[in-house]
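Here are the chains, one letter per residue:
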Amino acid sequence: MIEPHAPAPPGSPPSWDDVLGPAGLPEGAPQNPARLPVRAATARLLVLAGVFVCAACGLVYELELVALASYLIGDSVTQASVVLSVMVFAMGLGSLAAKRLRRRAAAAFGAIEAALALVGGSSAMALYAVFAWTGGWTGGWGGWGGGLWADGPRLLLVAFSLAIGLLIGAEVPLLMELIQRIRRQDAGGAVADLFAADYVGALVGGLAFPFLLLPFLGQLTGALVTGTVNVVVGTALVLGLFRRDLSRRARRLLPAAAALVLALLAAATALTGDFERAARHAVYGPDVRAAVRTGTQETVLTGGPDGRDLGLFLAGRPRATGADLRRYHEALVRPAMAGSHARVLILGGGDGLAAREVLRHRGVRRADILEPDAGLVRLARHDPALTMRNGHALADPRVHVSTADPFRRLRATPTAAYDVVVSDLPEPGVTAATKLYSEEFYGLLRRVLAPGGRLAVHAGPVAPRPRTYWTVEATLRAAGLRTAPYRLARRETPPGDAPAPRDWGFLLAARDLPALGLDPAAQPPATLDRRTLASAVRSARRTRVTGLRPSTLVHPRY
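It should be emphasised that the depicted structure is a prediction, and the values quoted were computed from it without experimental measurement.

Thresholds, definitions, all that
Residues numbered from 1 in each chain as written. Predicted model: local features only at pLDDT ≥ 70, side-chain atom pairs only at ≥ 80, totals over all residues. Heavy atoms only, no water. Patch = residues over 30% accessible without salt bridge, like charges linked within 9 Å, V, L, I, M, F, W, Y side chains within 5 Å. Areas by Shrake-Rupley, 256 points an atom, 1.4 Å probe, with all protein chains shown as cover. Salt bridge = Lys/Arg side-chain N within 4 Å of Asp/Glu carboxyl O. Helix = DSSP H or I, 4+ residues; strand = E, 2+ residues; numbered from the N terminus. Pairing = 2+ DSSP bridges. Axes fitted to C-alpha atoms, helices over the stretch in contact; angles between N-to-C directions. Buried < 20%, exposed > 50% of the residue type's maximum accessible area, 1.4 Å probe, protein only. Expected span 1.5 Å × (residues − 1). Contact = heavy atoms within 4.5 Å. Parallel < 35°, antiparallel > 145°, perpendicular 65-115°, else oblique. Left-handed = near helix turned anticlockwise from the far one by under 90°. Nonpolar A, V, L, I, M, F, W, Y, C, P; charged D, E, K, R; others polar.

Asks: Please explain a nonpolar patch on the surface as it appears in this structure.
Replies: Nonpolar side chains collect at one region of the surface, where Phe89, Leu93, Leu96, Leu162 and Leu166 lie side by side and expose about 440 Å² of accessible area between them. Of all the secondary structure elements, the ones that give two or more residues to the nonpolar patch are helix H3 (76-97) and helix H6 (152-182). The element that contributes the greatest number of residues to the nonpolar patch is H3, accounting for three residues. Note that Leu162 resides in helix H6.

Encoded structure:
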């Protein structure tokens, strides 16, 4: 007796199992073929187009999380590492979990796209709401605050990265199943086609985010629009091609779920303007007078020319408010001007407030401002409150403003071009500014300083991050400069819930050890005198951290 699976004797005619697959279908046909409304080739092309769009949306969600966390927390290297590593890990988990859904691949894919559109589309708004109404972002990582919500935003960022990664990871096995149901092919060919569409879609999404979505729609609306595209394409793909494979219940629930997600995203999009205004009021107080979003940062002004104190916030962080605006800029600029100061370079300083202090000194022939943020410069030229506070410094014929990259500009600057350099840049914890606190950059500044020239550096708050402050000092010394550290406490608390440093850390540097002093020929500063400077030096010395290594371009240490 021949066993059922024993090989047939030589010369026997072929059995039907050699011609038909196990389901009784011709060889090469899928075991569970989809009942398609179009030709198989057209259906396959439409599925690959859906893969393309879904991949683009998925990458936009990732970039939205990285960009928003970088704006609100700073240190974009850390944010990118956390978001991308958690998301890739979650994609692996999602891919494994999707194996159990392959029997209902069409319905599962439709449900996953609706969930992904809702989670990814609302992620930016949810994260910004936590930042605005808890004030916990900088308290958790920047060290300015604390309390119950100190770690809440970090956990929420990880939670969104995990959820979005799980849903994106589940897409690939389900799409592979749908492609194979259309026309069965070898696994290698199917994977190649699927990943080709996926990678090209990721390319388009990655380019659309910085060049289209961010500049024209902004963070919040861009994420909501991406979610809308995601749910429309995913639902249309399932209902248009695989409707006959859905159960009656799935045919009712999927359109209803998609409609609900679309309604929520549309409502959120319509309310984005009101939400942003309410969030700004929560962060900066009810006195917001101007907000400018650029590719570099968001600049917010509070108060006004009618007696209300003016506050300046850069990327959600208060640079200074009220009387502290003058105190900060006098402390930064005045000690550097106690000597030759005919030619002055200001790095940053697009608000014109540092230039105002520079122009109070006689003998200034030229003051160059290198400010990468053109939006801040426009605000400083045209906002009535800010122009009144900066004394219309940017309109002075001695002042020349450029929005070029400081690193690139300094490499083309002649040797010994300036008597004074004032570095009024974002603090080094903001990754975009990290290279401007590197040994290489300070080497360029040393080269452009004339003999006897001085460099003044704002190095961020000292009390919450003494290692960062003293790393800047070590980096200046590594570049061949000697330093005089000093630290001033702020006197006012900013309005709203914006996290605020308790102090400012400054460094005066030169080839020879610089002496902290004031120009006796200049108009006396309103908030600074020799006793205050001596106290500021003693205050900085008490925080000294020794044994720190300098920060370089290839090994940043902030």
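Asks: Mind showing me how you'd approach the sheet that holds strand E8 (residues 418-424) here?
Replies: Think of a sheet as strands paired side by side through backbone hydrogen bonds, with each pair either parallel or antiparallel. Sheet architecture is open: seven strands sit in the order E7-E6-E5-E8-E9-E11-E10, paired in mixed fashion. Where the open sheet ends on each side, the last strands, each with one partner, are strand E7 (399-402) and strand E10 (482-489). Here the strands of the sheet are splayed against their neighbours by 15 degrees on average, with no regard to which way each runs. Two strands pair when backbone bridges link them, and strand E9 (residues 449-458) and strand E11 (residues 503-510) are joined in this way by four bridges, in the antiparallel orientation. Residue pairing in the sheet places Val457 in a bridge with Leu507 of E11.

Asks: Looking at this structure, I do not really get unusual backbone geometry. What am I missing?
Replies: Trans peptide bonds make up the majority, and among non-glycine residues the majority have a negative phi. Unlike most non-glycine residues, His392 shows phi in positive territory, near 55 degrees. Along the polypeptide, His392 turns up in the loop between helix H13 (384-389) and E7. With phi around 55 degrees, Ala416 is a residue other than glycine that occupies positive phi space. Mapping Ala416 onto the fold places it in the loop between helix H14 (406-411) and E8. Residue classification places Ala416 among the partly exposed residues on the basis of a relative accessible area of 26%.

Asks: Would you explain helix H9 (residues 272-284) in this entry?
Replies: Note on helix geometry: an α-helix contains 3.6 residues per turn, so any two residues three or four positions apart are oriented the same way. Between its terminal C-alpha atoms H9 stretches 18 Å, which fits the 18 Å expected from 13 residues at 1.5 Å a residue. Lining the buried residues of H9 we find helix H4 (105-134), helix H7 (187-241), helix H8 (248-270), strand E1 (288-293), strand E2 (298-302) and strand E3 (311-314).

Asks: Honestly, the packing of helix H2 (residues 40-73) against H3 in this entry has me stumped. Any pointers?
Replies: Direction vectors running N to C along H2 and H3 enclose 150 degrees, while the axes themselves pass 9 Å from each other. On the basis of their axis angle, the class for H2 and H3 is roughly antiparallel. For the element pair H2 and H3, the recorded crossing hand is right-handed. Between H2 and H3, the residues in contact are Glu62, Leu65, Val66, Ala69, Ser70 and Ile73 and Ser76, Gln79, Ala80, Val83, Leu84 and Met87, respectively. Of the residues assigned to the contact of H2 with H3, the class counts are eight nonpolar, three polar and one charged.

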